[in-house]
Amino acid sequence: MSMVTLPGLKELIESISRERNLPRLAVQSAIREALLKGYERYRRAQNLERRQFDEDYFDNFEVELDIEEEGFRVLSTKIIVEKEKLNNTDHQISLDEVQLVAPEAQLGDSVVLDVTPDQGEFGRMAAMQTKQVLAQKLRDQQRQMVQEEFQDLEGTVLQARVLRFERQSVILAVSSGFGQPEVEAELPKREQLPNDNYRANATFKVYLKKVSQGQQRGPQLLVSRADAGLVVYLFANEVPEIEDEVVRIVAVAREANPPSRYVGPRTKIAVDTLDRDVDPVGACIGARGSRIQVVVNELRGEKIDVIRWSPDPATYIANALSPARVDEVRLMDPETRQTHVLVAEDQLSLAIGKEGQNVRLAARLTGWKIDIKDKAKYDRAGEDAKFLASRAKYQAEQEEDEDDVDFEELEAENQDDLEEELDNDTFDAEDEE
């Protein structure tokens, strides 16, 4: 069998495998695919008959690598046909020709033939095509490897190291586990923390938000320092009671990138337990704040409020507005989840928070629309009347929307449906009689 030699093939496979962190078999597969594309380019260039080559024309061709001899061969699988029906020598071969070397051959059988071009015929253009396709195939192999390696790690936290900066994004090196090679991940501007210092080789814990599919350029891993999942992981890692499921995290509201630069990052986290002997808030804070301080340090000084969850909405809302002291929570409308929270005058600014951050996070945490009111100036009767009027207006609008139904159009639609049903039915005239 003939062969096109590729001096240094073995060393090339080893070096690519090392540099790109790819298995040798994956590199060999990419080289075979690239050489096959190069052979296609060679055949198209040699097409003196001006034959039309479809996309799947070369599907019956394959490349065989010879690592030891450092070369490759091109093989073609052909179907045996009668000589008179032979019309494509790339896909077919006559029975007479095959029986000269294999008398037992039958019509319809397939044979594999060596169609390797001569060493000098392969051509410079075919070699360039091979090089371009090889680079693409190696990138595809790397993307596939990253997808398989990190797909099950979405929603977990990884250790990351700063590599470089691209526009406003930070490119990090992350690994899926001990001994595994590092791959690149992107930390976009919106997922960064304002207090982080992303200097070269600095290390951070990051939340793996998404593993991208497809053939996009650049890192496939999207990581975050601003996601609430990072806070959950840090507490679970630091508080044994959470890992043992004695304490559970019910809800998290985080504002890692506040709308104003005058307001710092802040998180509210609601915890609960079924064990009467365990204080869930105290377990998360730790002795003299030791546990929560580890989390705060990792998040570069972010303020964190740990509050007790309660099945009673009024109690839960009051807790969520910590550190403000709440005098009363009035659940104005449980259906639309609107509430008035009454506080003393000296607690107003604390309950609302700088630029509304405290009440905003409490609303996200509880799922209720919270209006903070000064208890001394609160007019109960007036607020109730105002709310009842608003409620009545809302109900009237709903009823008006229902009354606006076009009954003529509805009747026409019903008539069309009836006619369609009659058209679809079949009647037996004799049975009817």
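Residues numbered from 1 in each chain as written. Predicted model: local features only at pLDDT ≥ 70, side-chain atom pairs only at ≥ 80, totals over all residues. Heavy atoms only, no water.

So, on to the pattern of salt bridges. The final tally for this structure, using the stated rule, is 28 salt bridges. A salt bridge links Lys209 to Asp227; the nearest nitrogen and oxygen atoms lie 3.9 Å apart. Here Asp227 lies in the loop between strand 10 (221-224) and helix 5 (228-238) and Lys209 lies in strand 9 (residues 203-211), a separation of 18 residues in the sequence. Linked by salt bridges that have partners in common, Arg190, Glu191, Lys209 and Asp227 make up one network. (Salt bridge = Lys/Arg side-chain N within 4 Å of Asp/Glu carboxyl O. Helix = DSSP H or I, 4+ residues; strand = E, 2+ residues; numbered from the N terminus.)

Now for helix 9 (residues 313-320). Because an α-helix completes one turn every 3.6 residues, residues spaced three or four positions apart along the sequence face the same direction. Within the span of helix 9, buried status applies to Ala314, Tyr316, Ile317 and Ala320. Buried positions in helix 9, seen along its axis, are confined to an arc of 165 degrees and lie on one side of it. (Buried < 20%, exposed > 50% of the residue type's maximum accessible area, 1.4 Å probe, protein only. Arc of directions from axis to C-beta.)

Once that is clear, we can look at the nonpolar core. One recurring pattern in soluble globular proteins: nonpolar side chains tend to sit buried together. In this structure, Phe150, Val174, Leu221, Phe235, Ile304 and Val306 are the most contacted members of the largest nonpolar core, which totals 42 residues. With residues up to four places along the chain from it excluded, the contact list for Phe150 reads Leu158, Val174, Ser175, Ser176, Val183, Leu208, Val211 and Leu221. Among the nonpolar cores identified, the runner-up in size contains 25 residues, and Leu9, Ile16, Ile31 and Phe58 belong to it. (Core = buried A, V, L, I, M, F, W, Y, C linked by side-chain atoms within 4.5 Å. Contact = heavy atoms within 4.5 Å.)

Taken in spatial order, the five strands close into a barrel running 6-7-8-10-9, and their pairing is mixed. Sheet twist, expressed as the average angle between the axes of neighbouring strands with direction ignored, equals 55 degrees. Bridge count between strand 8 (residues 183-187) and strand 10: two bridges; the pairing is parallel. Among the inter-strand pairings, Glu186 is bridged to a residue of strand 10, identified as Leu222. (Pairing = 2+ DSSP bridges. Axes fitted to C-alpha atoms, helices over the stretch in contact; angles between N-to-C directions.)

The next subject is the environment of Ile67. Tracing the backbone through its elements, the reader meets Ile67 in the loop between strand 2 (61-66) and strand 3 (71-81). Classification of Ile67 as partly exposed rests on a relative accessible area of 21%. Between the alpha carbons of Ile67 and Gly8 there is a distance of 9.5 Å; along the sequence they are 59 residues apart. In this structure, Ile67 is in contact with Leu9, Lys10, Ile13 and Gln28, ignoring residues within four places of it in sequence.

With that settled, consider the packing of aromatic side chains. Given two aromatic rings, their pairing is described by the distance between the two centres and the angle made by the two planes. Scanning all chains against the criterion turns up seven aromatic pairs. Taking the centre distance of 5.7 Å and the plane angle of 40 degrees together, the rings of Tyr39 and Tyr42 count as tilted. One end of the pair is Tyr39 and the other is Tyr42, both in helix 2 (residues 24-45) and three residues apart, which spans about a single turn. You can call Tyr39 buried: its relative accessible area is 3%. Both rings, one in Tyr198 and one in Phe204, keep their centres 5.0 Å apart while their planes meet at 45 degrees; by these two values the pair is tilted. (Phe/Tyr/Trp six-rings, centres within 6.5 Å; stacked < 30°, edge-to-face > 60°.)

When a strand is regular, its side chains alternate between the sheet's two faces. Pairing of strand 2 with strand 3, which is carried by six bridges, proceeds in the antiparallel orientation. Bridge assignment links Leu65 to a residue of strand 3, and that residue is Phe72.

Here we take up the environment of Pro181. Note on placement: Pro181 falls in the loop between strand 7 (169-174) and strand 8. Spatially, the C-alpha atoms of Pro181 and Leu22 are 9.7 Å apart, while their sequence positions differ by 159 residues.

Once that is clear, we can look at unusual backbone geometry. Ser322 connects to Pro323 through a cis peptide bond whose omega is 15 degrees. With respect to the helices, strands and loops of the structure, Pro323 is situated in the loop between helix 9 and strand 14 (328-333). The backbone of Arg167 sits at a positive phi, close to 55 degrees, despite the residue not being glycine. The phi dihedral of Arg337 is positive, around 55 degrees, even though this residue is not glycine.

Turning our attention to the side chain of Ser212. Locating Ser212 in the fold gives a position in the loop between strand 9 and strand 10. Contact partners of Ser212, with chain neighbours within four places excluded, come to Gln147 and Gln220.

Attention shifts here to helix 1 (residues 9-20). Counted at 1.5 Å a residue, the expected span for helix 1 with its twelve residues is 16 Å, and the 16 Å between its end C-alpha atoms agrees. Looking at helix 1, one finds that the buried residues are Leu9, Ile13, Ser15, Ile16 and Ser17. Backbone geometry just downstream of helix 1 places Asn21 in the positive-phi region, at approximately 55 degrees. (Expected span 1.5 Å × (residues − 1).)

Next up on the list: the confidence of the model for the protein chain. Looking at the protein chain, pLDDT values average 85 and 88% of them are 70 or higher. Taken together, the stretch residues 425-433 has pLDDT below 50 and engages in one contact with residues farther than four places along the chain or on a different chain. (pLDDT = per-residue confidence, 0-100.)

Turning our attention to a negative patch on the surface. Taken together, Asp54, Glu55, Asp56 and Asp59 make up a surface patch of like negative charges. With respect to the helices and strands, Asp54 occurs in the loop between helix 2 and strand 2. (Patch = residues over 30% accessible without salt bridge, like charges linked within 9 Å, V, L, I, M, F, W, Y side chains within 5 Å. Areas by Shrake-Rupley, 256 points an atom, 1.4 Å probe, with all protein chains shown as cover. Lys, Arg positive; Asp, Glu negative; His and termini not counted. Charge placed at Lys NZ, Arg CZ, Asp CG, Glu CD.)

To continue, consider the sheet that holds strand 14. Ordered by their spatial adjacency, three strands build an open sheet running 14-15-16, and the pairing between neighbours is mixed. Edge positions in the open sheet fall to strand 14 and strand 16 (369-374), since each of these has one partner strand only. Ignoring which end each strand starts from, the neighbouring axes of this sheet average 25 degrees apart. Pairing between strand 14 and strand 15 (residues 338-343): five bridges, direction antiparallel.

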